[in-house]
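Structural overview for review
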Amino acid sequence: MARRVATSDERASRSGISSGGATASVTGQAHCTHCGLPVPGERRNSAFCCAGCEAVHGLLAGEGLLRFYELGGGATGAVGAAPQVPALDWFEEYERRHTVGALVRMDLDVQGIRCAACVWLLRALWRRFDQEHELRVSPSIGRVTMTYPAGDAVGRAFLGLAARLGYSMAPPSRRVARDTGLLVRFGVSAAVAMNAMILAVSLYFGLDASTAAGDAAIRSLFGWVLLALGSISVVVGGPVFFKTALAGVRAGVVHMDLPISLGILMAYGGSVYGQLTGGATYFDTLTIFVALMLGGRFLQQRTLAKSRDQVLADDGAEHLRARCVRDGAIELVPIQELQVGDELVVAPGDLVPTRAVLLHEPSMFSLDWINGESEPRAFAAGDELPAGAFHAGRAAVRLRVTAGYAESGLATLLSREPRDREDTRGKVQFWQLLNRYYAIGVLTCAVIGAGVWAFVDPARALPVAVAVLVVTCPCALGIATPLAFHLALARLRRRGVFVRTRSLLDKVRVVRHVIFDKTGTVTFGGLRAEAEGPVPRTALPVLATMAAASNHPVSQAVLEALDERPILDCLAVREHIGAGLEAKHLDSVWRLGSRAFCGLPEREGVRRECVLTRDGDLVATFTLVEDYRAGAAEEVRALRARGHDVWLLSGDRPDRVAAAAADLGLPPDCAVGGMSPQDKALAVARLDRDDTMMIGDGLNDAPAFAEAYCAGTPAMDRPVLPARADFCFRGAQAGAVASLCEIADEHARVVRANLALALLYNVAALSLSLAGLMTPLLCAVLMPISSIALVLHTSLRLQRRRSA
């Protein structure tokens, strides 16, 4: 008896999607039902842009959680590959450590929270498991707190379901207080500034000129209150700049924080002197200045933290566990404690932590993480498996450890210290030079102004110097530039690109060589099958059943290519590891696999094929091609049009790399296959002149990342690489590098325009200050106006393409 496997369109229809599944724009372009992005041509028969969006939407519909879309959750971007449930080997030990009495209370870092809909979804999922205790979600720091009865399976079940929706969780390793102190300082300084302005307004509008005894007393009181507020502002906000400026002076570097610090100290000291002698004071301007500078600093830190929180912290091998058979029982053992001779149980999808011999049954293992091979490799009983392989079979297997963790290649790669990604190697010196000459220029003007007025009117020398330091507001550097950075990264996040380093936007603009890994980077690591003609309907149930019986990439590609998938419950399918599938049905022998396996002669000029035969006769033919990310060839063309040299370096077979280069439009001499991790690193080092970007997803790319000027990875859900990358990206479509280059250029244009506007303001302000015409009232008006003008300019320029 045959049963049908629903197609994606039918599943979407049952979920409440209109006929055809995906929505369509006025131009006829289909858009993904989950994320709203265009559906690539490769998935034109689907309602979704990628397998991940399809899987997540199906789960939301099945759990009755479609309100997620009403709350705006669909705008969070494409999912990419279908989320998988991690092994959670760390869970039992971590749960025991956080059990107090009858309750378990644990904090976990969470990956993937991007909006209020995500918070609602996690809480709604939690209520399915525990109605009594509430799940606390802190989206700003990417953390959740679970509380539930000890001995209950609530925790593990919740983590598994959340992971299937794209919210992976792990023990916390990020410091929650990384910017809390700065936030508190900013909040206090902002409150002080607002109160200071309220008092200063009364002085500017007549109270200061009053001669009435009562008003004079009030004016004196207000002056002392302003002094107190100014003191609070300096004590609370000043150390942020004082420490950096002092460290720069000790290192012989003139940092931007030096003129900021001197401006704060001179303005405060001059204002105290003015308060004591009845002269001019700048306490209100000082408090505003400190609050604005702290706001810019906090915005920059929080922007980077928001992108970094999309990826769980890299702990190397710290939380990796292996299932070890000891005394007849299976124990979870840290991989560092494995010894030669230990017997391991490796489930489907598990990592092989050390070199080990396969016992008993043959199976398939994927080596893409360690050498970039695009297809799993068949291993027979007695074969040695390399550390870092992933089990790609359908059933658990047993291994015998032949080398300890310290002697395995995996240990060497995991223990490699990531390089400092903020290091620009002296290539990007614009900001260093600007900070230095701005600081020197401001200090020189202040000294010249004080020196000139010391001869003209010594009583006004100090006020003029203070006015120069206060009014020459570095708003373009302290406020507008962090805002531009924030808006640029927000645009990148909407495109699925998450920047992790402050210097990346500057480094991208000097990149000349872009190097892509193949498997998992420009491709998904799988295959796409295209049928040569229609499949006979009488053969469709047998073909669908055989393909569904194996998780080999070829079988999965054939299954995905079928519009209908009727399944025969009684059909027994035998898998010949590494060769193909065989089944008997209605006294006929059916085979699915290569032409050689099926007994047919090879065809010349055809890259790769999978055929279905019945008693040796050809029934259907499928051409196999790499499952490229949508738009990969377009991105390569766009990068080459910008003048970049694009390379394809891979550990996969050279013939497959050459074929991929041809598909992507790359010259043959720009594609190299069969490379070891060390070969890749040497190739990057030879090319790099502090102008190389490396894009990869496997552990074998880690040495190349260390040699590259900047690096990025789509492997947001895997350990090691995200912590070694300048940026991460997700989604089914290519274009992350091109988007990064485009927005980096736009960011640079906005910053240059801001600096030009700031230069005009500072020239005018300096002229007034040096002429002795600057007053506290004029200063209090000009500085906020210049700041607001720059903020508006930045916002309008970088948000006018918000839909981009």
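Residues numbered from 1 in each chain as written. Predicted model: local features only at pLDDT ≥ 70, side-chain atom pairs only at ≥ 80, totals over all residues. Heavy atoms only, no water.

1. Thoughts on the overall build of the protein chain
To be explicit about the condition: Working definition: helices are DSSP H or I runs of at least four residues, strands are E runs of at least two. Numbering for both runs from the N terminus. The method behind every accessible area is Shrake-Rupley, applied with a 1.4 Å probe, and residues are considered shielded solely by the protein chains displayed.
When you go through the protein chain residue by residue, the secondary structure sums to 26 helices and 31 strands. Counting only carbon and sulfur atoms, one obtains 57% of the accessible surface of the protein chain, whose full area is about 34,300 Å².

2. What about the packing of aromatic side chains?
Here is the rule: Each Phe, Tyr or Trp ring (for Trp, its six-membered ring) is paired with any other whose centre lies within 6.5 Å, and the angle between the two planes then decides the class: stacked below 30 degrees, edge-to-face above 60, tilted in between.
Counted according to the given criterion, the structure contains 8 aromatic pairs. Taken together, a centroid distance of 5.2 Å and an interplanar angle of 90° make the contact between tryptophan 126 and phenylalanine 158 edge-to-face. Here tryptophan 126, found in helix α5 (residues 116-129), pairs with phenylalanine 158, found in helix α6 (residues 154-164); they are 32 residues apart in sequence, far enough to count as distant. A centroid spacing of 6.4 Å and a plane angle of 80° characterise the contact between phenylalanine 129 and phenylalanine 158, whose relative ring orientation is edge-to-face. Taken together, the residues span a long stretch of sequence, with phenylalanine 129 in helix α5 and phenylalanine 158 in helix α6 at a distance of 29 residues.

3. Focus on the side chain of threonine 621
Using the following cut-off: Residues count as neighbours in contact if any of their non-hydrogen atoms are within 4.5 Å of one another.
Assignment of secondary structure puts threonine 621 in strand β26 (residues 617-628). Once residues within four sequence positions are removed from consideration, threonine 621 is found in contact with Glu530, Ala531, Glu532, Arg595, Arg603, Glu609, Cys610 and Val611.

4. Looking at the sheet that holds strand β12 (residues 356-358)
Rule in force here: What makes two strands pair is DSSP finding at least two bridges between them.
With antiparallel pairing, the 6 strands of this open sheet are ordered in space as β10-β9-β11-β17-β12-β15. Both outer strands of the open sheet, β10 (329-334) and β15 (384-385), are each paired with one neighbouring strand and no more. Taken together, the 2 bridges between β12 and β15 define a ladder with antiparallel strand orientation. Bridge pairing in β15 links alanine 356 to leucine 385.

5. Section: the environment of leucine 505
Examined against the element boundaries, leucine 505 turns out to sit in helix α16 (residues 504-508). Linking leucine 505 and alanine 488, residues 17 residues apart in sequence, is a C-alpha distance of 9.0 Å. Those residues in contact with leucine 505 that lie beyond four places of it in its chain are Phe485, Ala488, Leu489, Leu492, Leu740, Ala744 and His747.

6. With respect to the nonpolar core
Selection criterion: We define a nonpolar core as any set of buried Ala, Val, Leu, Ile, Met, Phe, Trp, Tyr and Cys residues linked to one another through side-chain atoms lying within 4.5 Å. The classification of residues rests on relative accessible area computed with a 1.4 Å probe and restricted to protein chains. Under 20% of the type maximum is buried, over 50% is exposed, and intermediate values are partly exposed.
Among the nonpolar cores identified, the biggest contains 37 residues, and Phe516, Leu648, Leu664, Met693, Phe727, Val737 and Leu740 are the most heavily contacted of them. The element contributing the most residues to this core is helix α25 (residues 736-770), with 6 residues. Residues within four places of leucine 648 in sequence aside, it is in contact with Phe516, Asp517, Lys518, Val522, Val657, Ala660, Ala661, Leu664, Leu666, Cys670, Ala671 and Val672. Counting residues in each nonpolar core, the second largest holds 36 residues, with Cys118, Trp126, Met146 and Val154 among its members.

7. Focus: the sheet that holds strand β31 (residues 727-729)
On the basis of which strands lie adjacent, the open sheet formed by 7 strands has the order β18-β31-β30-β29-β19-β27-β28 and mixed pairing. Of all the strands in the sheet, the pair left with one neighbour each is β18 (497-499) and β28 (671-672). In the sheet, strand β29 (residues 692-695) pairs with strand β30 (residues 710-713) via 3 bridges, with the strands oriented parallel. Bridge pairing links methionine 693 to cysteine 710 in β30.

8. What about the environment of histidine 57?
Which entries qualify depends on this criterion: Whenever a nitrogen or oxygen atom comes within 3.5 Å of another N or O atom, the pair is scored as a polar contact, on the condition that within protein one atom can donate a hydrogen and the other can accept it, and that pairs from neighbouring residues in sequence are kept only if both atoms are in side chains.
Residue placement: histidine 57 occurs in helix α2 (residues 51-62). According to the relative accessible area criterion, histidine 57 is buried, its value standing at 4%. Through-space distance from the C-alpha of histidine 57 to that of glycine 74 is 9.7 Å; in sequence the pair is 17 residues apart. A polar contact of 2.8 Å, which involves the side chain of histidine 57, links it to the side chain of tyrosine 69.

9. With respect to the side chain of arginine 500
Here is the rule we go by: Counting rule applied: Lys, Arg positive; Asp, Glu negative; His and chain ends not counted. Any Lys or Arg side-chain nitrogen found within 4 Å of a carboxyl oxygen on Asp or Glu counts as a salt bridge.
Position of arginine 500 among the secondary structure elements: in the loop between β18 and α16. Of the side chains with opposite charge, aspartate 726 lies nearest to the buried arginine 500, which makes no salt bridge, at 7.6 Å.

10. Focus on helix α21 (residues 654-664)
Of all the positions in α21, only Arg656, Val657, Ala659, Ala660, Ala661 and Leu664 are classed as buried. The inward-facing, buried residues of α21 contact α17 (518-522), β26, α20 (632-641), β27 (645-649) and β28.

11. Some details on a nonpolar patch on the surface
So the rule is basically this: Patch definition: residues with relative accessible area over 30% and no salt bridge; like charges joined within 9 Å; nonpolar side chains (Val, Leu, Ile, Met, Phe, Trp, Tyr) joined within 5 Å.
A surface patch of nonpolar side chains, amounting to about 460 Å² of accessible area, comprises Ile448, Val452, Phe455 and Val456. Positionally, valine 456 belongs in helix α13 (residues 430-456). Of the residues examined, valine 456 reaches a relative accessible area of 58% and is grouped as exposed.

12. A few points about the pattern of salt bridges
Counting across every chain of the model gives 26 salt bridges. With a shortest N-O distance of 4.0 Å, glutamate 560 and arginine 565 are connected by a salt bridge. Linking arginine 603 and glutamate 609 is a salt bridge whose minimum nitrogen-to-oxygen distance equals 2.0 Å. Of the residues examined, arginine 603 reaches a relative accessible area of 33% and is grouped as partly exposed. Judged by relative accessible area, glutamate 609 falls into the buried class, the value being 13%. Sharing partners across several salt bridges, the network here consists of Lys518, Glu626, Asp652 and Arg656.

13. Describing unusual backbone geometry
The backbone of histidine 360 shows a phi angle near 65°, a positive value even though the residue is not glycine. In this structure, histidine 360 sits in the loop between β12 and β13 (363-366). Its relative accessible area of 61% is what places histidine 360 among the exposed residues. Unlike most non-glycine residues, aspartate 690 shows phi in positive territory, near 60°.

14. Some remarks on the pairing of strand β22 (residues 573-576)
Pairing between β22 and strand β23 (residues 580-585): 4 bridges, direction antiparallel. Within β23, the residue paired with glutamate 575 across the bridge is leucine 581. What sits between β22 and β23 in their antiparallel hairpin is a turn of 3 residues, with glycine 578 showing a positive phi close to 80°.

15. Here we look at the confidence of the model for the protein chain
Put simply, the test is: Per-residue confidence from the predictor is given as pLDDT, running between 0 and 100.
Looking at the protein chain as a whole, the pLDDT averages 79, with 83% of positions reaching at least 70. pLDDT under 50 marks residues 174-178. Its contacts with residues more than four places away, or in other chains, come to 16 contacts.

16. Here's the deal with the pairing of strand β25 (residues 609-614)
Most of β25 sits out of view: 5 of its 6 residues are buried. Looking at chain direction, strand β24 (residues 588-593) and β25 are connected through 4 bridges and run antiparallel. By the bridge assignment, leucine 592 is partnered in β25 with leucine 612. Where β25 folds back onto β26 in an antiparallel hairpin, the turn is made up of 2 residues, including aspartate 615, whose phi is positive at roughly 55°.

17. Remarks on the packing of α5 against α6
The criterion, for reference: Working convention: axes come from line fits to C-alpha atoms, limited for helices to the stretch in contact. Angles between N-to-C directions cover 0 to 180 degrees. Every angle not falling under 35 degrees, over 145, or within 65 to 115 is termed oblique; those three ranges are roughly parallel, roughly antiparallel and roughly perpendicular. It is the rotation of the near helix from the far one that decides the hand of a crossing: anticlockwise by less than a right angle makes it left-handed, clockwise makes it right-handed. Charged means Asp, Glu, Lys or Arg here, nonpolar means Ala, Val, Leu, Ile, Met, Phe, Trp, Tyr, Cys or Pro, and polar covers whatever is left, Gly included.
Direction vectors running N to C along α5 and α6 enclose 140°, while the axes themselves pass 10 Å from each other. Classified by the angle between their axes, α5 and α6 sit oblique to one another. Between α5 and α6 lies a crossing whose hand is right-handed. Residues Leu122, Leu125, Trp126 and Phe129 of α5 pack against Val154, Ala157, Phe158, Leu161 and Ala162 of α6. Residue composition of the contact of α5 with α6, by class: 9 nonpolar, no polar and no charged.

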